[in-house]
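Listed below, chain by chain, are the residues.
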There are 2 protein chains.
Amino acid sequence: MLLHVNPSTGLPIYLQIQAQVKHAVAAGALRAGDALPSVRKLASDLRINPNTVARAYLELEREGVIAAVPGGGTFVADGTSGLLKAERVRRFRPLARQVAVEGRQLRLSRDEIVQFVDEELKALGGKS
Amino acid sequence: MLLHVNPSTGLPIYLQIQAQVKHAVAAGALRAGDALPSVRKLASDLRINPNTVARAYLELEREGVIAAVPGGGTFVADGTSGLLKAERVRRFRPLARQVAVEGRQLRLSRDEIVQFVDEELKALGGKS
DNA sequence: CACACTGTATTAATACACTGGTACGGACGG
DNA sequence: CCGTCCGTACCAGTGTATTAATACAGTGTG
């Protein structure tokens, strides 16, 4: 569980943490039940305030990616519970549309766009 | 050129305008050389400040989507000039990665994710 | 030149995002 | 129990995003 943060990137720190945790989970580097570094530990490692880490964890919990137990620790959630597939698809569509529009704006062909997305999917770990 | 804006959506107005123009261009509803509504006209139609429209146009111009001529008007740019393909691909990758990660987080299969993106691309107008 | 239109620059009011300091309540091993 | 770890809540400060009011500058027409 190696995280790094760049405060001068413009992107808020808590979003950087969020993105990296999400990526690690999606890639299988973190699996259901795995413990995340504690709020204080990670904050100390990154030289930032515990609240900033807590905020990142809070939003990840809202999205169902992780589960925090007060006094216990924070763990990767198992995706079993949660939303109906229809709802998940509904949440995904705007993002899919954005990729389509941006890709076309960059004058990429339909095939290229699809291919790039598929490459990133493969990079996450091919199956499922 | 029909635009609508919802001030209470949380998403900044200038971003809503940006997204809709981008979508219209990507979908071919607006073509290279077409005139956009003037800053004041659109602002008046939407009951917002001209500066807000100007800001949306400004960023669209930075991205090369449109071209503004002071005193003249604002027009859809022809994508001919501009960035090298390598650069365009470089800009696209982070977005492709984000779709991949989010899609997986929503427990969609690789095929489903690719398919949803392709559907949005088709909805924009199939060729190229 | 006057005029009516264009986009642009400057400045300001306001709200909210972001981060941090600090204190609180629960879990767990001595 | 007590100390130490956990996540959490509250509050303040700083900066920046968002929108707007206003004035400026270029273009084209009669």
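First, a word on scope: everything that follows refers to the structure included in this document.

**Some points on the interface of chain B and chain A**
It is common to give the size of an interface as the accessible area that goes away when the parts come together. Each side of the interface is counted separately: chain B has 46 residues, and chain A has 46 residues. Summed over both sides, the interface of chain B with chain A buries roughly 4800 Å², with 61% coming from carbon and sulfur. Run the count over chain B and chain A and you get 12 salt bridges. One salt bridge connects Lys-85 of chain B with Glu-112 of chain A, and the closest N-O pair in it is separated by 2.2 Å. Linking chain B to chain A there are 20 residue pairs in polar contact (both at pLDDT 80 or more). Sorting the residues of the side of chain B that touches chain A by element identifies helix H1 (13-26), helix H4 (85-105) and helix H5 (110-124) of chain B as the ones contributing at least two each. For the side of chain B that touches chain A, the element with the most residues is H4 of chain B, which contributes 17 residues.

**Things to note about the packing of helix H4 (residues 85-105) of chain A against H5 of chain B**
Close contact between H4 of chain A and H5 of chain B brings their axes to 8 Å; oriented N to C, the two are set at 55 degrees. The orientation of H4 of chain A relative to H5 of chain B falls into the category oblique. Judged by the twist between their axes, the crossing of H4 of chain A over H5 of chain B is right-handed. Two secondary-structure elements touch here, H4 of chain A through Lys-85, Val-89, Phe-92, Arg-93, Ala-96, Arg-97, Ala-100, Val-101 and Arg-104 of chain A and H5 of chain B through Glu-112, Ile-113, Phe-116, Val-117, Glu-119, Glu-120, Leu-121 and Leu-124 of chain B. Classifying every residue of the contact of H4 of chain A with H5 of chain B gives 10 nonpolar, no polar and seven charged.

**Notes on the packing of aromatic side chains**
According to the stated counting rule, one finds two aromatic pairs over all chains in the structure shown. Here Phe-92 of chain A and Phe-116 of chain B contribute two aromatic rings whose centre-to-centre distance is 6.1 Å and whose plane-to-plane angle is 55 degrees, an arrangement assigned as tilted. Placement of the pair is Phe-92 of chain A in helix H4 and Phe-116 of chain B in helix H5, with the two residues belonging to separate chains. With a relative accessible area of 1%, Phe-92 of chain A lands in the buried category. The class of Phe-116 of chain B is buried, set by a relative accessible area of 9%. One Lys or Arg, Arg-55 of chain A, reaches over the ring of Tyr-14 of chain A and ends 4.0 Å from the middle of that ring.

**Topic: the protein's contact with DNA strand D**
Taken together, 23 residues sit near DNA strand D, with Arg-40 of chain A together with Ile-13, Tyr-14, Asn-49 and Asn-51 of chain B positioned nearest. The contact atoms of DNA strand D, taken as those within 4 Å of the protein, divide so that sugar and phosphate hold 59%. Contact distances for DNA strand D include 2.9 Å between a phosphate oxygen and a backbone N or O atom of Val-39 of chain A. Among the elements of the structure, helix H2 (39-46), helix H3 (50-62), strand E1 (66-69) and strand E2 (73-76) of chain A together with H1 and helix H3 (50-62) of chain B are those that each provide at least two residues to the surface near DNA strand D. Per-element tally for the surface near DNA strand D: the top contributor is H3 of chain B, with three residues. Its residues placed into classes, the surface near DNA strand D shows nine nonpolar, 10 polar and four charged.

**Description of the pattern of salt bridges**
If charged atoms from side chains of opposite charge come close, those side chains can pair. According to the stated counting rule, one finds 22 salt bridges over all chains in the structure shown. For Asp-45 of chain B, the salt bridge is made with Lys-41 of chain B, and the minimal N-O distance between the two is 2.9 Å. Here Asp-45 of chain B and its partner Lys-41 of chain B are both found in helix H2 (residues 39-46), four residues apart, which amounts to about one turn of the helix. For Lys-41 of chain B, a relative accessible area of 47% corresponds to the partly exposed category. The network of salt bridges with shared partners includes Arg-93 and Arg-97 of chain A together with Glu-119 and Glu-120 of chain B.

**A closer look at the protein's contact with DNA strand C**
Around DNA strand C, 23 residues are found, and the nearest of them are Ile-13, Tyr-14, Asn-49 and Asn-51 of chain A together with Arg-40 of chain B. At the protein interface, 58% of the atoms of DNA strand C within 4 Å belong to sugar or phosphate. In the model, a phosphate oxygen of DNA strand C is placed 2.7 Å from a nitrogen or oxygen of the Asn-49 of chain A main chain. Here Thr-74 of chain B contributes a side-chain N or O atom positioned 3.0 Å from a phosphate oxygen of DNA strand C. Listed by contribution, the elements that provide at least two residues to the surface near DNA strand C are helix H1 (13-26) and H3 of chain A together with H2, H3, strand E1 (66-69) and strand E2 (73-76) of chain B. If one sorts the elements of the surface near DNA strand C by residue count, H3 of chain A sits on top with three residues.

**Some thoughts on the relation of the copies chain B and chain A**
Take chain B, turn it by 180 degrees, move it 0.0 Å along the axis, and it overlays chain A with an RMSD of 0.1 Å. Taken together, the rotation and translation relating the two chain copies correspond to the operation of a two-fold axis. Identified as the residue of chain B closest to the rotation axis by C-alpha distance is Val-114 of chain B, at 3.1 Å. A symmetric contact is evident, with 100% of the interface residues of chain B recurring at the interface of chain A.

So, how was this worked out
Position numbers for residues count from 1 along each chain, tracking the sequence in the order it is written. Whichever chain is written first is A, and whichever ligand is written first is 1; the rest continue in order. Whole-chain, interface and lining totals are the exception, using all residues; otherwise, since this is a predicted model, local features are given only for residues with pLDDT of at least 70 and side-chain atom pairs are given and counted only at 80 or more. Computation of side-chain values: all heavy atoms of the structure, hydrogens and water removed. Working rule for contacts: check all heavy atoms of both residues, and any pair within 4.5 Å makes them a contact. Note on terms: buried area is the combined drop in 1.4 Å-probe accessible area of two parts once they are placed together, counting the loss on both. For this document, the term salt bridge refers to a Lys or Arg side-chain nitrogen within 4 Å of an Asp or Glu carboxyl oxygen. Polar contact is defined as a pair of N or O atoms within 3.5 Å, subject to the rule that within protein one atom must be able to donate a hydrogen and the other to accept it, and that residues adjacent in sequence are counted only when both atoms are side-chain atoms. Every helix listed is a DSSP run of H or I at least four residues long, and every strand listed is a run of E at least two residues long, numbered separately from the N terminus. Axis angles are defined between N-to-C directions and span 0 to 180 degrees, where every axis is a line fitted to C-alpha atoms and, for a helix, only to the segment in contact. Roughly parallel here means an angle under 35 degrees, roughly antiparallel means over 145, roughly perpendicular means 65 to 115, and every remaining angle is called oblique. Here a crossing is called left-handed whenever its near helix is offset anticlockwise from the far helix by less than a right angle, and right-handed whenever the offset is clockwise. Following the grouping adopted for this structure description, the nonpolar residues are Ala, Val, Leu, Ile, Met, Phe, Trp, Tyr, Cys and Pro, the charged ones are Asp, Glu, Lys and Arg, and the polar ones are all others, Gly among them. The criterion for an aromatic pair is that two Phe, Tyr or Trp rings (for Trp, the six-membered ring) have centres within 6.5 Å, with stacked assigned to planes under 30 degrees apart, edge-to-face to planes over 60 apart and tilted to the rest. Three labels apply to residues, based on accessible area from a 1.4 Å probe with only protein chains included: buried if under 20% of the type maximum, exposed if over 50%, partly exposed otherwise in between. Placement of a charge over a ring requires the Lys NZ or Arg CZ to be within 6 Å of the ring centre, with the centre-to-atom vector within 35 degrees of the ring normal. Proximity is defined per residue: any heavy atom of the residue falling within 4 Å of a molecule or strand makes that residue near it. All copies are superposed by least squares; the fitting set is the C-alpha atoms of residues with a pLDDT of at least 70 in both.

Any functional reading would require information beyond the geometric quantities listed.
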